[in-house]
Amino acid sequence: MDPKEKIVVVGGGFAGINFIKRIDRNKYDVLLIDRNNYHSFPPLFYQIASSGLDPASISFPFRREMRKMKPRPIYNMGEVKTIDVVEKKLTTQFETIHYDKLVIAAGTINNYFNMTDLYKYVYTLKSTSEALRCRNEILDRLERASITTDLEERRKLLSFVVIGGGPTGVEVAGAIGEMKRYIIHREYPRINPDEVQIILVEGSDRLLQVMSPSASRHALEYLKSLMVDVHLQRRMQSYEDNVLTFSDGTKIYSEMVIWTAGVTGVTFEFKGASPEMGPGHRFVVDEFNRAQGIDDLFIIGDISYHADDAYPHGCPQLAQVAI
Ligand SMILES: Cc1cc2nc3c(=O)[nH]c(=O)nc-3n(C[C@H](O)[C@H](O)[C@H](O)COP(=O)(O)OP(=O)(O)OC[C@H]3O[C@@H](n4cnc5c(N)ncnc54)[C@H](O)[C@@H]3O)c2cc1C
């Protein structure tokens, strides 16, 4: 009997893990590479950030998932850096791996829109660990604020700015707003909830641009009921020394800025040939998720771009689409 062909899957998010579950593993050996050893559920990252859920309830070790699959796929930890599509091999920080067929399902990363140093100073929500970092900082600030009697210090500790009024920004601002309205007086009796300032900044003229105007209106009303200040049509230009500067010249002081303003496809160094790049650093694929002109390379999920009559600007970057 011929040896089985080897499929390597880069990324075990919604797209990668569902592909592995459904591919006929009697026909193929399957190897998953992911930089983290767990699958996570991004739609609930904001709940981790606001202490509504524990990380373990939205993160599942790959090895435990794979134990249940027969024949069992293999998981190796690693961050894929280079892909040689001629030699059919890829490299991580730990090893070089050969493949017969490659499935890239690496999703997206935060887009800082050329503000190259911004990632060092802001909090983000693109992984369980980023959401945890956010949560730890919020809790640390609440604890410190409930100790100090210096009013100016308390004001600084209790000011939170969220940049980006898309679904993630609205969710996280709302979740901190719910803490302000329902949790703080109970858990932190020395903090007056009115001292907590939450500002959500959006560049366009409405929240949730990807949704209907009525959804935008409802989101705005709900955030106002949670005492979140929403600033529309303000574009952030820089964040230096804890000062946010906007394109209209206005400034806001904040020591905790949560950045949810956009995503861009994960990048790789390709050798031999590169798949065509579409909008948002996504790779263009056909209706079978094949990269054009490169043998045995398939790209799925958020990092793929397929436009057709139904979706002339490409399929939306959503969990259901990836699945
Ligand atoms: C905060 C947030 C909230 C969201 N809310 C919703 C929602 O409510 N509803 C909805 O439908 N969608 C939501 N989405 C979008 C949804 O999560 C994505 O569309 C979906 O996760 C895409 O799946 P994917 O498998 O393509 O990529 P991902 O889920 O991003 O998975 C990519 C995987 O690849 C791994 N990886 C990346 N680069 C490398 C590399 N170089 N080497 C090895 N491994 C790598 C990552 O560790 C990750 O496990 C949300 C996203 C975020 C970030």
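Residues numbered from 1 in each chain as written. Predicted model: local features only at pLDDT ≥ 70, side-chain atom pairs only at ≥ 80, totals over all residues. Heavy atoms only, no water.

A count of helical and extended segments in the chain gives 8 helices and 23 strands. Over its C-alpha atoms, taken along the principal directions, the chain stretches across nearly 75 × 40 × 35 Å. Counting every position in the chain, which comprises 323 residues, the buried fraction comes to 45%. Considering only residue pairs separated by 6 or more positions, the chain has 59% of its internal contacts joining residues 24 or more positions apart. Carbon together with sulfur atoms contributes 50% to the accessible area of the chain, which is approximately 16600 Å² in total. Charge separation in the chain, taken as the distance between the mean sites of 39 positive and 42 negative side-chain charges, equals 4 Å. (Helix = DSSP H or I, 4+ residues; strand = E, 2+ residues; numbered from the N terminus. Buried < 20%, exposed > 50% of the residue type's maximum accessible area, 1.4 Å probe, protein only. Contact = heavy atoms within 4.5 Å. Areas by Shrake-Rupley, 256 points an atom, 1.4 Å probe, with all protein chains shown as cover. Lys, Arg positive; Asp, Glu negative; His and termini not counted. Charge placed at Lys NZ, Arg CZ, Asp CG, Glu CD.)

On to the packing of aromatic side chains, then. Taken as a whole and assessed by the stated rule, the structure comprises 7 aromatic pairs. Judged by centre distance (6.4 Å) and plane angle (55°), the rings of Tyr112 and Tyr119 are tilted. Taking the centre distance of 5.7 Å and the plane angle of 85° together, the rings of Phe270 and Phe283 count as edge-to-face. Of this pair, Phe270 sits in strand β19 (residues 269–271) while Phe283 sits in strand β21 (residues 282–284), and the two are 13 residues apart along the sequence. (Phe/Tyr/Trp six-rings, centres within 6.5 Å; stacked < 30°, edge-to-face > 60°.)

What follows is about the site of the ligand. Near the ligand there are 30 residues, and of these Ala15, Asp34, Val80, Asp302 and Gln320 occur at the shortest range. One of the backbone N or O atoms of Ala15 is found 2.8 Å from an oxygen atom in the ligand. The separation between an oxygen atom of the ligand and a polar side-chain atom of Asp34 is 2.6 Å. If the ligand stood free it would expose 1000 Å²; the protein chains cover 87% of that surface. Residue assignment for the shell around the ligand shows that the elements contributing at least two residues are α1 (14–22), β2 (28–34) and α8 (319–322). Among the residues making up the shell around the ligand, the classes are represented as 15 nonpolar, 10 polar and 5 charged. Two domains each put at least three residues into the shell around the ligand: domain 1 (5–35 + 78–110 + 263–322) and domain 2 (118–259). (Near = heavy atom within 4 Å. Polar contact = N/O pair within 3.5 Å; in protein donor to acceptor, adjacent residues only side chain to side chain. Nonpolar A, V, L, I, M, F, W, Y, C, P; charged D, E, K, R; others polar. Domains from an automatic or database assignment.)

Mapping Arg25 onto the fold places it in the loop between α1 and β2. Buried charged residue Arg25 carries no salt bridge. Nearest counter-charge: Asp24, at 7.5 Å. At a separation of 3.3 Å, a polar atom in the side chain of Arg25 contacts the main-chain carbonyl oxygen of Lys70. Not counting residues up to four positions away in its chain, the partners in contact with Arg25 are Lys4, Ile20, Val30, Met69, Lys70, Pro71 and Pro73. (Salt bridge = Lys/Arg side-chain N within 4 Å of Asp/Glu carboxyl O.)

Before going further, it helps to examine the domain arrangement of the chain. One can read the domain layout of the chain as domain 1 (5–35 + 78–110 + 263–322) and domain 2 (118–259). Distance between the C-alpha centres of domain 1 and domain 2: 34 Å.

Pairing of strand β12 (residues 197–201) with strand β13 (residues 228–231) involves 4 bridges; the strand directions are parallel. Paired with Leu200 across the strands is Val230, a residue of β13. (Pairing = 2+ DSSP bridges.)

Turning our eyes to something else, we now look at a positive patch on the surface. Residues Arg63, Arg64, Arg67, Lys70 and Arg72 make up a contiguous surface patch of positive charge. You can see Arg64 is positioned in helix α3 (residues 62–67). Residue classification places Arg64 among the partly exposed residues on the basis of a relative accessible area of 36%. (Patch = residues over 30% accessible without salt bridge, like charges linked within 9 Å, V, L, I, M, F, W, Y side chains within 5 Å.)

If you look at the biggest cluster of nonpolar residues, it comprises 36 residues, and the most contacted ones within it are Leu142, Val172, Ile191, Leu200 and Ile258. Elements with a contribution of two residues or more to this core: α2 (45–49), α4 (128–147), β11 (159–163), α6 (167–187), β12, α7 (213–225) and β17 (256–259). Broken down by element, this core gets its largest block of residues, 7 residues, from α6. In this structure, Leu142 is in contact with Leu158, Met179, Ile184, Tyr188 and Ile191, ignoring residues within four places of it in sequence. (Core = buried A, V, L, I, M, F, W, Y, C linked by side-chain atoms within 4.5 Å.)

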